[in-house]
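Summary of the model geometry
Now for the letters of each chain:
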Amino acid sequence: MESPRPLDTVRYIEEQKAVKLINQRKLPETFEYFTAKTVEDVAYAIKNMIVRGAPAIGITAAYGMKLFADTYKGKDFEHDARRALELLKRTRPTGKNLFRALNHIEKAIDKGPEAVIKAADEVVEKEKEYERRIADRSLKFVEMISEKLGKKEITFHTHCNAGRLATYGLFGTATAPIYVAHRNGYRVRAIVDETRPVLQGARLTARELSVAGIDTTVIPDTAIGLALMKGLSDVVVVGADRVCKDRSVTNKIGTYVLATLAKRHNVPFVVVAPTSTFDECTFDNPPPIEERDEREVRYIRDVKIVPDGARVLNYAFDITPAELINYVISEKGIHEVNPI
Ligand code: MRU
């Protein structure tokens, strides 16, 4: 599949020695960049979700180490680079790509700054290549699903943002089938869950897809059941923060609800992720689930909606067991989990 002009979700700016990120906290109202000049700035951007989405986090962390190596002026590179690496590892615990990227770079630290820069660039090139290949696999998937549905009109239902804002910026992962179907003459619609509390669906995916000319409808997460019951969606496509070896999947909180209801209403449920997201975890030995600041739930913008007398739980991710998943699409192909 020919790549579109990439969205510059995350870029290394050689002349400025900086990592430039689309500031996703400001979307959809304001499109502005965040410029990270130090590895501490990069860690801040990941932790505070200026950049988010498993592949984009991995790429950003890799560029964080590149920035560190490229600007290093100290005396003990190996010691200081390990500290920088640990700082990045402590940002977000759930997505696999961060750790895969940093583990790859770690092996180069004792060889010096040039080797770290090379390893970081390798991480990014790999993620880019995976994204391209996922788009090719997605076209095969779209053809298959269209044949099963007996129509060239497909309504995709997605959750959170596993789009171009969550990757290097070509096709995204869960959005790849949507973009390739749209490009290949299918009549495409998208239903996007709002995705409380950070609203990645409403703020990011709805913006991304509607800017690309895709007919997009946002629903509150509470409407998922009724939407599926009414038959509004033909297929659910989501991304992943980890695909476990038993094919259970950790993804944005609410994915499990969506998968459970999709199964109940016979709507195929498909996970799209590069193998850089795959891990040795299982449903019984799951990855760590990040719990984020309670203020994300307690407040909407600056307005307090949960009284002080009540506690808040803010799990950022959940786990969907393999029995609820029909297919996993990676750059390697369409993996059948519970084929339809
Ligand atoms: O907390 P976020 O916004 O980083 O969570 C993002 C998701 O859960 C995505 O679905 C996942 O990382 C895949 S992104 C291609």
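Rules of the game
- Residues numbered from 1 in each chain as written.
- Predicted model: local features only at pLDDT ≥ 70, side-chain atom pairs only at ≥ 80, totals over all residues.
- Heavy atoms only, no water.
- Near = heavy atom within 4 Å.
- Polar contact = N/O pair within 3.5 Å; in protein donor to acceptor, adjacent residues only side chain to side chain.
- Areas by Shrake-Rupley, 256 points an atom, 1.4 Å probe, with all protein chains shown as cover.
- Helix = DSSP H or I, 4+ residues; strand = E, 2+ residues; numbered from the N terminus.
- Nonpolar A, V, L, I, M, F, W, Y, C, P; charged D, E, K, R; others polar.
- Buried < 20%, exposed > 50% of the residue type's maximum accessible area, 1.4 Å probe, protein only.
- Contact = heavy atoms within 4.5 Å.
- Expected span 1.5 Å × (residues − 1).
- Salt bridge = Lys/Arg side-chain N within 4 Å of Asp/Glu carboxyl O.
- Domains from an automatic or database assignment.
- Buried area = accessible area lost by both parts, 1.4 Å probe.

Structural notes on the site of the ligand
As a structural note, the neighbourhood of the ligand is formed by 17 residues, with Ala-54, Arg-92, Asp-241, Asn-251 and Lys-252 the closest of them. One of the side-chain nitrogen or oxygen atoms of Asn-251 is found 2.6 Å away from an oxygen atom of the ligand. Protein burial of the ligand: of its 420 Å² of free accessible surface, 99% is covered by the chains. Elements with a contribution of two residues or more to the shell around the ligand: helix H2 (54–70) and strand S9 (249–252). In the shell around the ligand, the residues fall into 8 nonpolar, 5 polar and 4 charged.

Considerations on the side chain of Ser-146
In this fold, Ser-146 is placed in helix H5 (residues 113–149). On the accessibility criterion, Ser-146 (8% relative accessible area) is buried. Within the local environment of Ser-146, its side chain forms a polar contact with the backbone oxygen of Lys-151, the two atoms lying 2.8 Å apart. When sequence neighbours within four positions are dropped, the list of residues in contact with Ser-146 reads Lys-151, Lys-152, Ile-154 and Tyr-186.

With respect to H5
Note: α-helices contain 3.6 residues per turn, so residues at a spacing of three or four share the same orientation. Its 37 residues give H5 an end-to-end C-alpha distance of 53 Å, which sits within 8% of 54 Å, the value for a rise of 1.5 Å per residue. Immediately downstream of H5, the backbone of Gly-150 shows phi near 70°, a positive value.

Considerations on the pattern of salt bridges
One pass over the structure, following the stated rule, counts 24 salt bridges. As a salt-bridge pair, Glu-290 and Arg-92 come within 2.9 Å of each other at their nearest N and O atoms. Of this pair, Glu-290 sits in the loop between strand S10 (269–272) and helix H10 (295–298) while Arg-92 sits in the loop between helix H3 (77–89) and helix H4 (96–106), placing them 198 residues apart in sequence. On the accessibility criterion, Glu-290 (7% relative accessible area) is buried. Between Asp-215 and Arg-189 there is a salt bridge, with its nearest N and O atoms 3.8 Å apart. Highlighted residues: Asp-215 in strand S6 (residues 215–219) and Arg-189 in strand S5 (residues 187–193), separated in sequence by 26 residues. Given a relative accessible area of 28%, Arg-189 falls into the partly exposed group. One network of salt bridges, in which partners are shared, links Glu-78, Arg-82, Lys-89 and Glu-106.

Considerations on the domain arrangement of the chain
Often the size quoted for an interface is simply the accessible area lost on bringing the parts together. You can read the domains of the chain as domain 1 (10–127) and domain 2 (134–336). If you average the C-alpha positions of domain 1 and of domain 2, the two centres end up 25 Å apart. Taken residue by residue, the interface counts 28 residues in domain 1 and 29 residues in domain 2. Overall, the association of domain 1 and domain 2 removes approximately 2,300 Å² of surface from exposure, summing both partners, and the carbon and sulfur fraction of that is 49%. For the domain 1 face of the interface with domain 2, the top three residues by lost area are Arg-52, Thr-94 and Lys-96, together amounting to 25%. Counting every contact that joins domain 1 to domain 2 gives 3 salt bridges. The salt bridge involving Asp-279 is made with Lys-96; its shortest N-O contact spans 2.9 Å. Linking domain 1 with domain 2 are 20 residue pairs in polar contact (both at pLDDT 80 or more), by the criterion used here. Those elements that provide at least two residues to the side of domain 1 that touches domain 2 are strand S1 (10–13), H2, H4 and H5. A breakdown of the residues in the side of domain 1 that touches domain 2 according to their chemical character gives 13 nonpolar, 6 polar and 9 charged.

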